[in-house]
Amino acid sequence: MSTSGDARLPAPPATVAVWDLPLRLCHWALAASVLVAWFSANVDDAVHEISGYVALSLVAFRILWGFVGPRYARFRDFVPTPRVLLRYLSDLAQGRTTLYLGHNPAGAAMTVLLLVLLAIATITGWMQLTRRFFGVTWVEMVHTYSSNLVLVLAIVHVLGVLLMCWLQKENLVPAMITGRKRAASEHKEDG
Amino acid sequence: MRAAICIGVTMVFMSAGALADGFKNCTKEPKASWQPATAAEAAATAAGYEVRKSKVEGSCYEVYGVNKQGKLFELFYNPVDLKLMHTKAK
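Rules of the game
Residues numbered from 1 in each chain as written. Chains lettered and ligands numbered in written order. Predicted model: local features only at pLDDT ≥ 70, side-chain atom pairs only at ≥ 80, totals over all residues. Helix = DSSP H or I, 4+ residues; strand = E, 2+ residues; numbered from the N terminus. Buried ≥ 20, exposed ≤ 12 C-beta atoms within 10 Å, placed from the backbone. Contact = placed C-beta atoms within 7 Å. Arc of directions from axis to C-beta. Axes fitted to C-alpha atoms, helices over the stretch in contact; angles between N-to-C directions. Parallel < 35°, antiparallel > 145°, perpendicular 65-115°, else oblique. Left-handed = near helix turned anticlockwise from the far one by under 90°. Nonpolar A, V, L, I, M, F, W, Y, C, P; charged D, E, K, R; others polar. Expected span 1.5 Å × (residues − 1). Pairing = 2+ DSSP bridges.

Undergrad: Teacher, can you tell me more about the overall build of chain A here?
TA: Counting its secondary structure elements, chain A contains eight helices and two strands. Listing each helix as α and each strand as β along chain A from the N terminus yields β-α-α-α-α-α-α-α-β-α. Referenced to the eigenvectors of the C-alpha coordinate spread, the extents of chain A come out at roughly 65 × 45 × 30 Å. Residues counted as buried form 23% of the 191 residues belonging to chain A. Counting only contacts in chain A whose residues sit at least 6 apart along the sequence, the fraction spanning at least 24 positions is 65%.

Below is the structure:
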């Protein structure tokens, strides 16, 4: 915001790099391809199919990145145990949150859930274009239900981000653009 | 970023509106005068397709068929006279 070096403004808070560039590009490209796929369904088959293949590739990349990517991208770093997740959610219900630099347990659970459902939705979409599964009703049904669930979860994901922004007084959207979040010390001071 | 989102959303709606390719209109006759869907499936089978399933799409019977070469098609039949109105290769 301030480029004038106004002495009255406090120094910008220290930030640390959290989300790596491939992860961020993957995130926004996936968001875009899911939107395009959603709006092109039953409207424009070519656009729907291409956006579906793009989404499938991005999901495959993200899963791979969850094993070989940098620290905050790794599943091992963020996938919570059910116990940790439940405690976090019950704290959250009372408006209490612990600060995490990477994914918090709820965000982590949403990430995994979205990736699994996106994998199901894109693979069943692809299957319908194969000779083996063309016109097979259960494939079509799984595709429809998983795709609808992806959209519902994506909306919950956005609402969850907004809730976190509000509870923790940190705008998380720029973090997914620049990759940087406030340093842990800043977090604690805000408490 | 905001500009990119605007452009993206606009493109989505443009593509959704301008390129609509769903084939839906085969007849204006009331449903009471339609033949059963199995008649459309039989027509596709007779034309050499392996029929996977059929459904009502607008005022058409849409039959999912695989031809002798293994190519995938959606065949749209007029439900009254079973005329093939549209063939969409997948």
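Here the narrative resumes.
Undergrad: Just to check I follow, could you spell out helix α2 (residues 37-46) of chain B for this structure?
TA: Turn by turn, an α-helix covers 3.6 residues, leaving residues three or four places apart pointing in a common direction. All names here are of chain B. Buried within α2 are the following residues: Ala-40, Glu-41 and Ala-44. An end-on view of α2 places all buried positions within 100° of arc, on one side of the element. Counted as exposed and oriented over 90 degrees from the buried face of α2: Thr-38 and Ala-46. Positive backbone phi, approximately 100°, marks Gly-48, located one or two places after α2.

Undergrad: Can you help me understand the packing of helix α2 (residues 45-68) of chain A against helix α5 (residues 105-127) of chain A in this one?
TA: Each pair of packed helices gets described by two things: the angle between the helix axes and the distance between those axes. Residues and elements named next belong to chain A. At a closest axis distance of 9 Å, the pairing of α2 and α5 adopts a crossing angle of 140°. The angle between α2 and α5 places the two elements in the oblique class. In the crossing of α2 with α5, the sense of the turn from one axis to the other is left-handed. Judged by residue contacts, Gly-52, Ala-55, Leu-56, Val-59, Arg-62 and Ile-63 of α2 engage Leu-115, Leu-118, Ala-119, Thr-122, Ile-123, Gly-125 and Trp-126 from α5.

Undergrad: How should I be thinking about the packing of helix α1 (residues 21-40) of chain A against α2 of chain A in this particular structure?
TA: All names here are of chain A. Remark: α1 packs on α2, axes separated minimally by 8 Å, with the N-to-C direction vectors making an angle of 150°. Comparing their axes, α2 and α1 come out roughly antiparallel. Judged by the twist between their axes, the crossing of α1 over α2 is left-handed. In this structure, α1 uses Pro-22, Leu-23, Cys-26, Ala-29, Leu-30, Ser-33, Val-34, Val-36, Ala-37 and Ser-40 to contact α2, whose residues at the interface are Val-47, His-48, Ser-51, Gly-52, Val-54, Ala-55, Leu-58, Phe-61, Arg-62 and Trp-65. By residue class, the composition of the contact of α1 with α2 is 14 nonpolar, five polar and one charged.

Undergrad: What is the right way to look at unusual backbone geometry in this model?
TA: Glycine aside, the phi torsion of most residues is negative, and most peptide linkages are trans. For Asn-42 of chain A, which is not glycine, the phi dihedral falls at a positive 60°. Tracing the backbone through its elements, the reader meets Asn-42 of chain A in the loop between α1 and α2. Residue classification places Asn-42 of chain A among the exposed residues on the basis of 11 C-beta atoms within 10 Å. Although it is not a glycine, Leu-82 of chain B sits at a positive phi angle of roughly 60°. Structurally, the position occupied by Leu-82 of chain B is in the loop between β3 (72-77) and β4 (84-89).

Undergrad: How should I be thinking about helix α4 (residues 82-93) of chain A in this particular structure?
TA: All names here are of chain A. Between its first and last C-alpha, α4 extends 16 Å over 12 residues, near the 16 Å set by a 1.5 Å rise per residue. Among the 12 residues of α4, one are classified as buried, and the element is accordingly described as predominantly exposed. Taken from the residues just after α4, Gly-95 is the one with a positive phi, measuring 80°.

Undergrad: Just to check I follow, could you spell out the sheet that holds β3 of chain B for this structure?
TA: Strand pairing within a sheet occurs via backbone hydrogen bonds; the two strands may be parallel or antiparallel. Residues and elements named next belong to chain B. Judged by pairing direction, the sheet is antiparallel, and its four strands sit side by side in the order β1-β2-β3-β4 without closing on themselves. Two strands bound the open sheet, and with one partner strand each, they are β1 (50-57) and β4. Direction aside, neighbouring strands of the sheet carry axes that sit 20° apart on average. Sheet analysis places strand β2 (residues 60-66) next to β3, joined by six bridges and oriented antiparallel. Among the inter-strand pairings, Glu-62 is bridged to a residue of β3, identified as Phe-76.

Fair warning: the whole summary comes from geometry, so function is off the table for now.
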